Amino acid sequence: MSLLISGGLVVDPGQNLEEPRDLLIGEGKIVALEPPGKISPEGRRVIDAKGLVVAPGLIDMHVHLREPGEEYKETIATGARAAVRGGFTGVAAMPNTKPVNDTAAITRFILDQAQAAGLARVYPVAAISVGSQGHTLSEYGDLKAAGAVALSDDGWPVRQALLMRRALEYARTFDLPIISHCEDLDLRADGVMHEGQISLRLGLKGIPAAAEEVMVFRDIDLARLTGGRLHIAHVSTAGSVEIIRRAKAGGIPVTAETAPHYFSLTDEAVLGFDTNAKVNPPLRTAEDVAAIKTGLADGTLDAIACDHAPHSSLEKEVEFAEAAFGLIGLETSLGLSLKLVHEGTLTLSQLIAKMSTNPARILGLPGGSLTPGSRADVTIIDPNREWTVDVNAFASKSRNCPFQGWNLKGKAVATIVGGQVVWEE
Amino acid sequence: MELRRKDLLGIEDLEAGEISLILDTAASLKEISTRPIKKVPTLRGRTVVTLFYEPSTRTRMSFEIAAKRLSADTLNLTVAASSAVKGETLEDTAHNLEAMAPDLLIIRHQASGAPHFLAKRLKCGVINAGDGLHEHPTQALLDLLTVKEAKGRLDGLKVAIIGDIAHSRVARSNIHAFTKMGSRVTVAGPATMLPPYLDTLGVEVTHSLDKAVAGADVIMMLRLQLERMGQMFLSTLREYSTYFGLNTRHLALAKDDVIIMHPGPLNRGVEISPEVADGPHSVILEQVTNGVAVRMAVLLLLIGGEKG
């Protein structure tokens, strides 16, 4: 039976559309997009979307699903369920699993598990080097053929500039983007939070903003050298935003993402030694938050991705210095990001671009569009629904969320993948 | 008279009035340690556990003597003899200790925030006896008491703190303590050992030992942790000692009645010359004596009276 989503405000930045439209879905594809009332509801399942926003399915291009290897933190199935509850029809899964996703067999395993779960689409991101050890290039051609959409060193930054150069070049051969986790491990040393006034007061070792920025600069320079497609992951500092802005102005092929926690929290969240606020890169200062917002508004930052990083109490209910880095975000990302719209930092259309259209473009995915003929991945959003974050109601297996108890405005109310309603409230 | 708090975790959380209460109480308790029978029954029936994950001589002994002079029962758990080496988590250790119903847990731990971690989870009081690079509140309190005894006041004094501020919980606690009580604090050391944003704590920052000690009422030398040598913070011990070691020449730059402090243990000939450490301006041993009094005061104020 075909599905009619009627009466909603359709926001599709790819076709520069923000108008009331009825959307007809059939056989997994968008069949028609017409002004309200033109498509007959007869014989169709109808979703009344009055007062709601109908957007191309949201894509989070940076999550950790922990499978294979750390299924006690998250599985592909639980992560995919968290994704669809958060409004995401697709997520890009980072390769730092156990074992690392550096071969076609593991990439296929991830796709098989996602298929079995039947919820969000999972796009595997494979490792830049074998075992993410930073020595030997992995098999980019095979990985792409198996379904990998990008290559990344997330969690295990590439120390050697020469390897990063070769990776950018080799990835170009197969038209794959390199997603770089920019962090100078020597400069980070044993830092556990942003180096600033709060780290000084808490006696916690600091990670200077420069530990990120020197690598952003290095990798951008290598992108200039090689012409490889570079995407900078989880930008957290004002300095990084400025370096990327200049690179884009200079015509270097670079894109970038930030995460909701980098525009929602500062290093003050660590006060009281809250390990849920321990994340890498670390939460920065109010000035950095302001620069991140400016970077989102002026297009320097192309995408919002939550860097969903599940950890259990084993990793988080410990001394701060011992605790693992990372927080979960799939079920709060949209609510936190809609705040940017409510406060006037972004238009609704800009936000949807950063959470759907642009991630699809950067990763070369077929999603991110509602033009007829596209596959029917759709997110229906109530931008004004007020709700309170309750980690115990999350679909994720983990609870490491610093936003517990926050009142948010706006959430997904239905998530449609390939024409199937996989979640609705 | 009591502190309206369950725990003593850091000087940063204390108000000046609370600090004064502790110092006044400590001063009144000092007399007990001069009696032939150095014991009062005030904390009889209370149980105080010390849990030390780092080696310590004077702090641990000082707490234990303080508790015994107040007639509390003490139990000392050392890391080598504890379950930590068997892989037990801090959380499990804490709950197991709590199951034995102590009134107070005194913890030293290499991780900043470990006492806060326990305080959040335990019903009994927690005293921070030094956490990572964060705070060492009873050290700062005993330093305040020592200065107050020597100078008769704390407000308006110039206090110089010299050395590795970055890695010193003693420095952090003392910066909060002295600024809260109205002293002016100057810190000095090599730039590798002065963390950024120190000025936001209300202190003056210099790289010149001469400038720091000029006109000082109090000079506090920090212990140079020798393991820093291999971590790119310093060139050589010889050079450190040349530029940041206190010797008799510096005393001439300070006030005539300057007092010299050191939290111990000393690296003689590195951060402080033997002549200064043993000289007439040194109050290093008074600090140790006052440590017992201050810890008695803190124990009393946290679990004395109707509390506990």
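Residues numbered from 1 in each chain as written. Chains lettered and ligands numbered in written order. Predicted model: local features only at pLDDT ≥ 70, side-chain atom pairs only at ≥ 80, totals over all residues. Heavy atoms only, no water.

1. Focus: the interface of chain A and chain B
Point 1. At the junction of the two partners, chain A supplies 15 residues and chain B supplies 23 residues.
Point 2. Together, L200, R201 and E319 of chain A form the three largest contributors to the area buried by chain A at its contact with chain B, with a combined 38%.
Point 3. Taken together, the links from chain A to chain B amount to 2 salt bridges.
Point 4. In this structure, R121 of chain B engages E317 of chain A in a salt bridge whose closest nitrogen and oxygen atoms are separated by 2.6 Å. (Contact = heavy atoms within 4.5 Å. Buried area = accessible area lost by both parts, 1.4 Å probe. Salt bridge = Lys/Arg side-chain N within 4 Å of Asp/Glu carboxyl O.)

2. Overview of the packing of helix α2 (residues 58-69) of chain B against helix α11 (residues 284-303) of chain B
Residue and element names in this part refer to chain B.
Point 1. Relative orientation of the contacting elements α2 and α11 amounts to 55°, with a least axis distance of 8 Å. Classified by the interaxial angle, the pair formed by α2 and α11 is oblique. In terms of crossing hand, the pair formed by α2 and α11 is right-handed. Counted together, R58, T59, S62, F63, I65, A66, A67 and R69 of α2 and V288, G291, V292, R295, M296 and L299 of α11 form the full contact between these two elements.
Point 2. Of the residues assigned to the contact of α2 with α11, the class counts are 8 nonpolar, 3 polar and 3 charged. (Axes fitted to C-alpha atoms, helices over the stretch in contact; angles between N-to-C directions. Helix = DSSP H or I, 4+ residues; strand = E, 2+ residues; numbered from the N terminus. Parallel < 35°, antiparallel > 145°, perpendicular 65-115°, else oblique. Left-handed = near helix turned anticlockwise from the far one by under 90°. Nonpolar A, V, L, I, M, F, W, Y, C, P; charged D, E, K, R; others polar.)

3. Section: the packing of aromatic side chains
Point 1. Counting across every chain of the model gives 4 aromatic pairs over all chains.
Point 2. Arranged with centres 5.3 Å apart and planes meeting at 85°, the rings of Y170 of chain A and F174 of chain A form a pair that is edge-to-face.
Point 3. On the basis of relative accessibility, which here comes to 33%, the residue Y170 of chain A falls in the partly exposed class.
Point 4. A residue is classified by how much of its surface remains accessible, and F174 of chain A, at 25% relative accessible area, is partly exposed.
Point 5. With a centroid separation of 4.8 Å and an interplanar angle of 80°, the aromatic rings of F403 of chain A and W406 of chain A are classed as edge-to-face.
Point 6. Exposure remark for F403 of chain A: the relative accessible area of 1% places this residue in the buried category.
Point 7. Here the aromatic cluster, defined as three or more aromatic residues joined through ring pairs, consists of Y140, Y170 and F174 of chain A.
Point 8. For K411 of chain A, the ring lying beneath its charged end belongs to W387 of chain A, and the centroid distance is 5.3 Å.
Point 9. A cation sits over an aromatic face here: R121 of chain B above F117 of chain B, 3.6 Å from the ring centre. (Phe/Tyr/Trp six-rings, centres within 6.5 Å; stacked < 30°, edge-to-face > 60°. Buried < 20%, exposed > 50% of the residue type's maximum accessible area, 1.4 Å probe, protein only. Lys NZ or Arg CZ within 6 Å of the ring centre and 35° of its normal.)

4. Re the nonpolar core
A general feature of soluble globular proteins is that nonpolar side chains tend to end up buried together.
Point 1. Formed by 71 residues in total, the largest nonpolar core has its most connected members in L151, I220 and I232 of chain A.
Point 2. With 65 residues, the next largest nonpolar core counts I106, A140, L145 and V292 of chain B among its residues. (Core = buried A, V, L, I, M, F, W, Y, C linked by side-chain atoms within 4.5 Å.)

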